[in-house]
Amino acid sequence: MGASNRNTRVAVGISAFAFTLFLIAFVTPYWLVTDGRLSNPKFTNLGLWEVCFNNFQDIHRFYETRFTGCMWVFEEEYYIIHDYLLPGFYIAVQVFSTLCFVMCLIALPLTLSFLRTSRDDDRYVFLLLTIGTCQILASFFGFIAVVVFGAKGDSRDWMPHWQNNDMGWSFALAVVGAVLLMPAGVLYTVEARRERYKRLNEISNREAASEYGGGEDYYTPQVPAQQQQQPTIQDYFAPQPSRPRRPQPGQRAAPSAPPAVVAGGGIQTDI
């Protein structure tokens, strides 16, 4: 299993939670909502791809068309107010949010493959690096999207009754999801770096062992000289083995056996 240690398990959990939050924010139309103080607001709520009006009419145009209900922002009926409904910052938010979502989609099957990959597999480090890179990029794109929308979403130049418009819960989920993708990606890359150094260290150890011919004994720790057995007091007073004594002065040594005579007149000696 790929998530075999704490770093990878935490990374998988955070990335799954962050992706779920951003997915909900991506498809729900509550990035900008009215605060409910108006009895008959012309604007009710807006998301990345859907906007809801209530008898809305653009006062800057010479037509009497009124818009009511929720529709896709690129709906054909909205073509006459596209320049009003789709300003540059809103399109930028859509683009960066889509890039964030695409990076998360790319990381999803890679994460599933990573969970079924062993640590000894050659793809293990590659999957860690790829998933981490995708999530870091997703966090970067998502962070840009929420910052731009937070700065320009409730401006007085866009939706009507701007003073009664607030950021909705979809925007809050997008902020949390985009921020959490960053630590998840960093954990993946840190684990990939550590696993790579571990493998390089093992390779260098094997090469050193084969070069010096040490085998397993090459790595056997040597006992320091300080830990070698030192003589004790009992060793000094232990009885010494008996040795032949020299004769005292005035005493003659015991006669030794005469040398044997061999055939031919020679004398056999023991050396």
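Residues numbered from 1 in each chain as written. Predicted model: local features only at pLDDT ≥ 70, side-chain atom pairs only at ≥ 80, totals over all residues. Heavy atoms only, no water.

- Recorded under Subcellular location (unreviewed entry), the UniProt text for the chain is reproduced unchanged: "Membrane". (UniProt positions renumbered as here; feature names shortened; annotations may be inferred.)

Quick notes on the pattern of salt bridges
- This model, assessed by the stated rule, comprises 2 salt bridges.
- Between Glu191 and Arg194 there is a salt bridge; the shortest N-O distance is 2.8 Å. Linking Glu191 with Arg194, this pair stays in helix H5 (residues 169-212), spanning 3 residues, or about one helical turn.
- Among the residues examined, Glu191 registers a relative accessible area of 1% and is labelled buried.
- For Arg194, a relative accessible area of 45% puts it in the partly exposed group. (Salt bridge = Lys/Arg side-chain N within 4 Å of Asp/Glu carboxyl O. Helix = DSSP H or I, 4+ residues; strand = E, 2+ residues; numbered from the N terminus. Buried < 20%, exposed > 50% of the residue type's maximum accessible area, 1.4 Å probe, protein only.)

Some points on the state of the cysteines
- A full pass over the atoms with the stated rule returns 1 disulfide.
- Here Cys52 connects covalently by a disulfide to Cys70, the sulfurs 1.8 Å from one another. Taking the torsion about the S-S bond as the criterion, the Cys52 to Cys70 disulfide, at about 115 degrees, is right-handed. Separated by 18 residues along the polypeptide, Cys52 in strand E3 (residues 50-56) and Cys70 in strand E4 (residues 67-72) bring together distant segments of the chain. (Disulfide = S-S within 2.5 Å.)

Things to note about the sheet that holds strand E2 (residues 43-46)
- Strand order in this open sheet of 5 strands is E4-E3-E2-E1-E5, and the pairing throughout is antiparallel. Looking at strand neighbours, the two that pair on one side only are E4 and strand E5 (165-167), the edges of this open sheet. Strand after strand, the sheet turns through a mean of 20 degrees between neighbouring axes, direction not considered.
- Here 5 bridges tie E3 to E4, and the two strands are oriented antiparallel to one another. Looking across to E4, one finds that Glu50 is bridged to Trp72. (Pairing = 2+ DSSP bridges. Axes fitted to C-alpha atoms, helices over the stretch in contact; angles between N-to-C directions.)

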